[in-house]
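Chain by chain, the residues:
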Amino acid sequence: MAAHGNTAVLVLFSFLQVCVSGFPTNNREPVCGYKSCPATQPSMLNVHLVPHTHDDVGWLKTVDQYYYGDRNDIQHAGVQYILDSVVEELQKDPTRRFIYVESAFFYRWWKQQKQATRRIVTQLVNEGRLEFINGGWCMSDEATTHYSAVIDQMTLGLRFLNDTFGPCGRPRVAWHIDPFGHAREHASMFAQMGYDGFFFGRLDYQDRERRKKAKELELLWRASESLSPPTADLFTGILPNGYNPPDGFCWDQSCTDSPIRDDPDLEDFNVHDVVQLFLETAHNQSKIYKTNHIIMTMGSDFQYENANLWYKNMDKLIRYVNGQQAAGSKVNVLYSTPSCYLQELHRANSTWALKTDDFFPYADDAHDFWTGYFTSRPALKRYERQSNSLLQTCNQLEVLGGPRSRSGPFGKGSSDFMRRAMGVAQHHDAVSGTEKQHVAYDYARRLATGWDYCQILVMNSLAVLSGSDDMRAFCEGLNISVCPLTESSKMFTMSVYNPLAHPISWYVHLPVNGSAYSVTDAQGKPVASAVIHISKATQVLRGDRGFAQNELVFQVQAPPLGYSTYSISLLQNRPLPPPPRPKAPLTMQNKYLKVTFDPATGLLSSLSNLETKQSIQLSQNFYWYNASAGNNEESNQPSGAYIFRPNTSTPFIISKTAKIQTVQNGVVQEVRQVFSPWVSQVVRLHEESRELELEWTIGPVPFQDGLGKEVITRLDSSIKTAGYFYTDSNGREVLERRRDYRPTWKLIQSEPIAGNYYPINSRAYIKDKEAQLTVVTDRSQGASSIVDGSLEIMLHRRLLYDDVRGVGEPLNETGEAGPEGLVVRGRLLLTLTPPDTAANTHRPLAQGQVLQPLLSFTEGAPKPSTRLQFSGLQAALPPAVHLLTVSQWDYDSVLLRLEHQYQSGESKAFSQPVTVNLQKLFSQVEVLGATEMSLGANQWKSEMSRLDWRPSTGTAAPPPKRPADPSPWEVTLNPMEIRTFLLRVRQS
Ligand SMILES: *[C@@H]1O[C@H](CO)[C@@H](O)[C@H](O)[C@H]1NC(C)=O
Ligand SMILES: *[C@@H]1O[C@H](CO)[C@@H](O)[C@H](O)[C@H]1NC(C)=O
Ligand SMILES: [Zn+2]
């Protein structure tokens, strides 16, 4: 295997830098990481003070307002001053420590520093006095993020740290002190990124109480059912006081606790009181933890802007508390970091409670379930998901098109803007929907800038690959039938780029004004198409943004990691398509599925899979929960951006019946349902599809009645679920859920609806012995099964009160339409299959929703020299393999991630090891060498070693014995495994 990079040259270079910088300590090998940890006292209780700041990458202010300290009228917070001040204070005493977490901010600050400051900071990092923890671009949300975007944002931050500081910049510990519940897939990813441990602050209040009593606040999380232990084992610590200091010890300028007044000649000498309170606090805390080490988080949101206040008082605290040791005290307090604390826990050589489920949902009190944000801001959640798709396409085309994609006929294209905008959007107040409105707009604006640069890159790359530099239009409004080019053109060309490593077929609906078109594929073969009338709901929704009367519908195919081109031209003098019929036929059927509707109500009534000869009763309707206004007897908690709290357990039906129209032709069948002026849906079955599409449109949600509304759709089926349902974790492994139940403690259920909601990122399903009904979604949402046989998904929320968790605004999105309220449209895909190990189709279906084909349009017919079809792969990858990442890393290297997309035991056909040949992957990019890396791509796999932890129950994990790869080029993937490679390449 070829070694990567110019290692020798770089070593020499950094050696020279060291000599020039002139700090005496630089003559030594840098001692960072575990080796730099302070000494502790084995026979005492050691209290690790961890100075830290929690810097939200946008929340009440935008990320840049936070960075600069702008708009301090909203919240006093300025990250640049924090870093200035901390660096100053760290230099005053070598025992002082600080950790920094959010690379999005550190990157901004570092760019602006002079060489002299950079040298000082580098030295602090090399000596472990300033330590990076977590290190992603942001501290991601865990409920509403998709694993692909999480891996990207971690990679972005970790790469910046490695590029800037080398190995001493590599974080050992994952640190999610604020996210509102914790996903098992996040733990699995952190383990695979090489983290030795994980700390967080929030978990269900009942769970916390139980763990305190059982001394199980520190545990071993076995985060995958498929990966053999300890691959996805992660030591997990729950912090004693969220992420705040203990009561009485907050010395930030934003706090009001007394400073240590230690001059006996002055008034109010309080050293004795402070020391006593501290010893008491430490002893109490040690009772709920297992070892003679405890941790205290000395900091909070945006603290340390004037770090002198904190350090001056902590210096004194350490001096006076340890001063008591001479008098027999057995408490030793020290400046420390999460990794130094973790190292001591590891040295304790204890065993730790094993956990295999997750930490959702999170409740901080009996009526305070943080399950609303699973759905909050559904339009932003969708835009974030689409942006991920475009980023992956942009990354791939940057590799396939080579350097000319960054600088070509359409100007300077780039994937960097989108990568950073997506990094920011993963923050736990971004895609989660818990930010202020102006901040939500800022996230969207950043993504939009990312789109602009990616679209230029895509055009440049496709010009390289196709040989045609015709201008392309990207029609971003296709979901509301808006595309100026197709609406007016008599002849146009459409390319379909497929970012998946498997061939796809896909249905397009293009807004047009003609009544018939000829469509031909890249081989010149005619493609069946149909023209249908645009629905009233769509016309209202698009307003004056488009003027098409009709939609042209046809199926397209595209090769793996490539494009195919279609030519479309208007046929003159053809009759208009028949208008939608006001009623019947109330059955839709193709080769695969049969769907019936109840003629009396217009609602779905059954779904049958004609291939497997399965049939279920299935009705579906829309409802809303009346959001609590915070004024009832049990609790004054209202529903808000974070919290879901209906004030009754029975949702209101929007309409018992739907007015329907039907459309039927050889390409598509639709039943268009109107439930009310603000709720409509198209139930759609394409001729060649194995799934049923439900395209819902909701809004503006009325609020003139003074009632906040949380709108759901509910599927009621004949499936015998007995309280069980299934939800995915960050789009990957699926967890079993059970109504009114938690696997790890005896639940006292106090919110029968909100307390049963779970996040879904890409799918949920219900099943019994005979059948499985799967719903694949197009964005993250909240879901539950409140009664047997039923699955409900929350689609939209409009609320009139703030839920008192800090955002200070009701979640009342108005959108473009003005005060009327935001209208949201989305899609659910339904499949009916045998349960478990049969031909399960939800994996590829869900990946196809996440990575959608990118359509681009050009006016007229393609030039004869244009290459109409292209695949970047030599062949499609095996069905079990998902191509997770193809991204330019350096001028001569490409980051590649291959993923086994099935769980073990999930599919008879596909839950098997599968081998891919890296050299035979690409059709045009020549692979010269490959080196395996950790999942976060900041460490060579061969150098990766993690601390080992022993569970108190179950099996201790022997090192996994995976069979060696068949050859250096042929790599084997086991179920749910992701392997990351840096490829040395030659590109055209
Ligand atoms: C840790 O504990 C195990 C079992 O009690 C023991 O076998 C092992 O030697 C211990 N390791 C260390 C480093 O003390
Ligand atoms: C980390 O960065 C250094 C340069 O600081 C580079 O030489 C090295 O290859 C990087 N390591 C990885 C694993 O990317
Ligand atoms: Zn936060």
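What counts, and where the lines are drawn
Residues numbered from 1 in each chain as written. Chains lettered and ligands numbered in written order. Predicted model: local features only at pLDDT ≥ 70, side-chain atom pairs only at ≥ 80, totals over all residues. Heavy atoms only, no water. UniProt positions renumbered as here; feature names shortened; annotations may be inferred. Pairing = 2+ DSSP bridges. Helix = DSSP H or I, 4+ residues; strand = E, 2+ residues; numbered from the N terminus. Contact = heavy atoms within 4.5 Å. Axes fitted to C-alpha atoms, helices over the stretch in contact; angles between N-to-C directions. Donors = N, O, S within 2.8 Å, 3.2 Å for Na, K, Ca; no water. Tetrahedral: all angles 85-135°; square planar, octahedral: opposite > 155°, others 65-115°. Buried < 20%, exposed > 50% of the residue type's maximum accessible area, 1.4 Å probe, protein only. Phe/Tyr/Trp six-rings, centres within 6.5 Å; stacked < 30°, edge-to-face > 60°. Salt bridge = Lys/Arg side-chain N within 4 Å of Asp/Glu carboxyl O. Core = buried A, V, L, I, M, F, W, Y, C linked by side-chain atoms within 4.5 Å. Expected span 1.5 Å × (residues − 1). Disulfide = S-S within 2.5 Å. Left-handed = near helix turned anticlockwise from the far one by under 90°. Nonpolar A, V, L, I, M, F, W, Y, C, P; charged D, E, K, R; others polar. Parallel < 35°, antiparallel > 145°, perpendicular 65-115°, else oblique.

The name that an unreviewed UniProt entry assigns to the chain is Alpha-mannosidase, with the source organism given as Coilia grayii. Listed in UniProt under the heading Sequence similarities (unreviewed entry), the comment for the chain reads: "Belongs to the glycosyl hydrolase 38 family." For the chain, the Catalytic activity (unreviewed entry) comment in UniProt is given as "Hydrolysis of terminal, non-reducing alpha-D-mannose residues in alpha-D-mannosides."

Further remarks concern the sheet that holds strand S6 (residues 218-222). Read across the open sheet, the six strands follow the order S4-S5-S7-S6-S10-S45; overall the sheet is mixed. Looking at the sheet topology across the chains shown, the edges are occupied by strand S4 (173-176) and strand S45 (950-951). Taken together, the three bridges between S6 and strand S10 (residues 351-355) define a ladder with parallel strand orientation. Counterpart to leucine 220 in the pairing with S10 is leucine 354. Relative to the sheet, helix H7 (residues 184-192) contacts S4, strand S5 (197-200), S6 and strand S7 (233-238), its axis offset from that of S7 by approximately 115 degrees.

This part covers the coordination of the zinc ion (ligand 3). Only His54 (NE2), Asp56 (OD), Asp178 (OD) and His428 (NE2) from the protein reach the zinc ion (ligand 3) as donors, at distances of 2.0 to 2.1 Å. Taken together, the four donor atoms coordinating the zinc ion (ligand 3) and their angles of 92 to 159 degrees define a geometry best described as irregular. Of note, the zinc ion (ligand 3) draws all its donor residues from one chain, in the sequence arrangement H-x1-D-x121-D-x249-H. Residue histidine 54 is classed as buried on the basis of its relative accessible area of 1%.

What follows covers the packing of aromatic side chains. If you walk through the whole model with that rule in mind, you get 48 aromatic pairs. Seen from their ring centres, tryptophan 221 and phenylalanine 359 are 5.0 Å apart, and the 90 degrees between their planes marks the pair as edge-to-face. On the criterion of sequence distance, the pair formed by tryptophan 221 in strand S6 and phenylalanine 359 in the loop between S10 and strand S11 (363-365) is long-range, its members being 138 residues apart. With respect to burial, tryptophan 221 and phenylalanine 359 carry one shared label: buried.

Among the five residues in strand S22 (residues 593-597), four count as buried, and that is most of the element. With three bridges connecting them, strand S21 (residues 587-589) and S22 associate as antiparallel partners. Residue methionine 588 lies in a different strand from S22, and its bridge partner there is valine 595. Counting the residues in the hairpin turn of S21 and S22 gives three residues. Linking two consecutive strands that pair antiparallel, namely S22 and strand S23 (residues 604-609), is a turn of six residues; a positive phi of about 80 degrees is found at glycine 602 within it.

It is worth spelling out the UniProt feature "domain: Glycoside hydrolase family 38 central" (unreviewed entry) in the chain at this point. Taking the numbering used here, the UniProt-annotated feature "domain: Glycoside hydrolase family 38 central" (unreviewed entry) corresponds to residues 368-447. Annotated as 56% helix and 8% strand, the span residues 368-447 places its first and last C-alpha atoms 32 Å apart.

For the rest of this paragraph, the subject is the pattern of salt bridges. This model, assessed by the stated rule, comprises 51 salt bridges. In this structure, glutamate 89 and lysine 92 form a salt bridge, with 2.7 Å as the shortest nitrogen-oxygen distance. Judged by its relative accessible area of 5%, glutamate 89 falls in the buried class. If you follow the salt bridges from partner to partner, you end up with Glu670, Arg672, Arg684, Glu693, Glu695 and Arg827 in one network.

The strand order across the open sheet formed by four strands is S41-S42-S47-S44, and the pairing between neighbours is antiparallel. Only two strands of the sheet have a single partner each, and these edge strands are strand S41 (881-890) and strand S44 (926-933). Sheet twist, expressed as the mean angle between neighbouring strand axes with direction ignored, is 25 degrees. Docked against the sheet, helix H12 (residues 378-401) engages S41 and strand S42 (893-900), running at close to 60 degrees with respect to S41.

Counting 178 residues, the largest nonpolar core has Leu49, Phe106, Trp175, Tyr304 and Leu692 as its most contacted members. If you tally residues by element for this core, the top one is helix H6 (residues 147-165), at nine residues. Ala149, Leu462, Leu873 and Leu896 belong to the second-largest nonpolar core, a separate cluster that totals 51 residues.

We now examine helix H9 (residues 271-286). For H9, with 16 residues, the first-to-last C-alpha span of 22 Å sits near the 22 Å given by 1.5 Å per residue. Lining the buried residues of H9 we find strand S1 (45-51), strand S8 (293-298), helix H10 (307-323) and strand S9 (331-335).

Within the structure shown, the criterion is met by five disulfides. One disulfide in the model links cysteine 37 with cysteine 340; its S-S distance is 2.0 Å. The sign of the S-S torsion, about -90 degrees, decides the handedness of the disulfide formed by cysteine 37 and cysteine 340: left-handed. Of this pair, cysteine 37 sits in the loop between helix H1 (7-21) and S1 while cysteine 340 sits in helix H11 (residues 338-347), and the two are 303 residues apart along the sequence. Judged by its relative accessible area of 16%, cysteine 37 falls in the buried class. In the chain, the bonded cysteines, taken in the order they occur along the sequence, pair up as 1-3, 2-6, 4-5, 7-8, 9-10. The structure places no disulfide on cysteine 138, whose sulfur is separated from the nearest cysteine sulfur, that of cysteine 454, by 18 Å.

Before going further, it helps to spend a moment on the packing of H12 against helix H13 (residues 416-425). Put simply, H12 and H13 touch, their axes get as near as 10 Å, and they point 150 degrees apart. Relative to H13, H12 is oriented so that their crossing is left-handed. For the pair H12 and H13, the contacting residues are Glu384, Ser387, Asn388, Leu390, Leu391 and Asn395 in the first and Met418, Arg419, Met422 and Ala425 in the second. In terms of residue class, the contact of H12 with H13 is made up of five nonpolar, three polar and two charged.

Okay, the packing of helix H4 (residues 103-111) against H6 next. When two helices pack together, their arrangement is given by the angle between the helix axes and the distance between those axes. The geometry of H4 relative to H6 is characterised by a closest axis approach of 9 Å and an angle of 40 degrees between their N-to-C directions. As summarised for this structure, H4 and H6 are arranged oblique, according to the angle between their axes. As H4 runs across H6, the sense of the crossing is left-handed. Every residue of H6 that contacts H4 at Ser103, Phe106, Tyr107 and Trp110 is listed here: Gly157, Phe160, Leu161, Thr164 and Phe165. Along the lines of polarity and charge, the residues of the contact of H4 with H6 split into six nonpolar, three polar and no charged.

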